[in-house]
Amino acid sequence: MTHISIRDLQKISGEAIGALPGPTPVKSGERTVGLLIPLKSADPDRLAAVLKRATVLAKGRDVRADDAALAPFGDVDPVDWSVAAVNALTGKPGKPRKAKP
């Protein structure tokens, strides 16, 4: 599919959107008015590994120094990317973890 028309967009299912091969232009006549990007689920094992690595790396960070370094760029992504926040965003509740002795 090279593009989707505005009219077709009203009729397409979520499953059909997920099956798109990648970003697909949304057109009104000949004019492109948007871009439909199917969101794919991440591999849970790969995501867990990335989150674990990020958690380890974050422990060595100085939050105040990071904020000071980013201040010249203006507002920076304020999102909490903790494991709990990512699990809440993906709609997948995390497994309760046992406390380490």
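Heads up: the structure comes first, above all this text.
Bear in mind that the values here come from a model prediction, so they are computed numbers and not experimental data.

1. So, the overall build of the protein
Piece 1. Broken down by element type, the protein carries five helices and three strands.
Piece 2. When the helices and strands of the protein are listed from N to C terminus, the series reads β-α-α-β-β-α-α-α.
Piece 3. Counting only residues that meet the buried cut, the protein has 10% of its 101 residues in that class.
Piece 4. For the protein, the share of sequence-separated contacts (at least 6 apart) that also reach a separation of at least 24 residues comes to 15%.
Piece 5. Total accessible area on the protein is roughly 8,900 Å²; 59% of this is exposed by carbon and sulfur atoms.

2. Section: the side chain of T24
Piece 1. Relative to the assigned elements, T24 resides in strand β2 (residues 24-28).
Piece 2. What makes T24 buried here is its relative accessible area of 2%.
Piece 3. Here the side chain of T24 touches G22 through a polar contact of 3.0 Å, landing on its backbone oxygen.

3. Quick word on the pairing of strand β3 (residues 31-36)
Piece 1. Of the pairings in the sheet, the one linking β2 to β3 comprises five bridges and is antiparallel in character. What sits directly across from K27, in β3, is T32.
Piece 2. Count of turn residues in the β2/β3 antiparallel hairpin: two residues, of which G29 carries a positive phi of about 70°.

4. Side note on the sheet that holds β2
Within a sheet, each strand pairs with its neighbour through backbone hydrogen bonds, oriented either parallel or antiparallel.
Piece 1. What the three strands build is an open sheet, ordered β1-β2-β3; its pairing is mixed. The open sheet terminates on both sides in strands that have one partner only, identified here as β1 (4-5) and β3.

5. Examining the environment of S5
Piece 1. Checked against the element boundaries, S5 lands in strand β1.
Piece 2. C-alpha of S5 to C-alpha of G34: the two residues are 29 residues apart in sequence and 10.0 Å apart in space.

6. Describing the pairing of β2
Piece 1. Note: β1 against β2, two bridges, orientation parallel. Directly across from I4, in β2, lies its bridge partner V26.

7. Focus: the environment of H3
Piece 1. Its location among the elements puts H3 in the segment before β1.
Piece 2. A C-alpha to C-alpha distance of 9.2 Å links H3 and L36, two positions 33 residues apart in sequence.
Piece 3. The residues touching H3, leaving out its near neighbours within four places in the chain, are T24, P25 and K27.
Piece 4. At a separation of 3.3 Å, a polar atom in the side chain of H3 contacts the side chain of T2.

8. Some words on a nonpolar patch on the surface
Piece 1. On the surface, I6, L9 and V33 cluster together into a nonpolar patch covering about 200 Å² of accessible area.
Piece 2. By the secondary structure assignment, L9 is in helix α1 (residues 6-11).
Piece 3. Here L9 falls in the partly exposed class, since its relative accessible area comes to 32%.

Criteria and thresholds
Residues numbered from 1 in each chain as written. Predicted model: local features only at pLDDT ≥ 70, side-chain atom pairs only at ≥ 80, totals over all residues. Heavy atoms only, no water. Helix = DSSP H or I, 4+ residues; strand = E, 2+ residues; numbered from the N terminus. Buried < 20%, exposed > 50% of the residue type's maximum accessible area, 1.4 Å probe, protein only. Contact = heavy atoms within 4.5 Å. Areas by Shrake-Rupley, 256 points an atom, 1.4 Å probe, with all protein chains shown as cover. Polar contact = N/O pair within 3.5 Å; in protein donor to acceptor, adjacent residues only side chain to side chain. Pairing = 2+ DSSP bridges. Patch = residues over 30% accessible without salt bridge, like charges linked within 9 Å, V, L, I, M, F, W, Y side chains within 5 Å. Salt bridge = Lys/Arg side-chain N within 4 Å of Asp/Glu carboxyl O.

Fair warning: the whole summary comes from geometry, so function is off the table for now.
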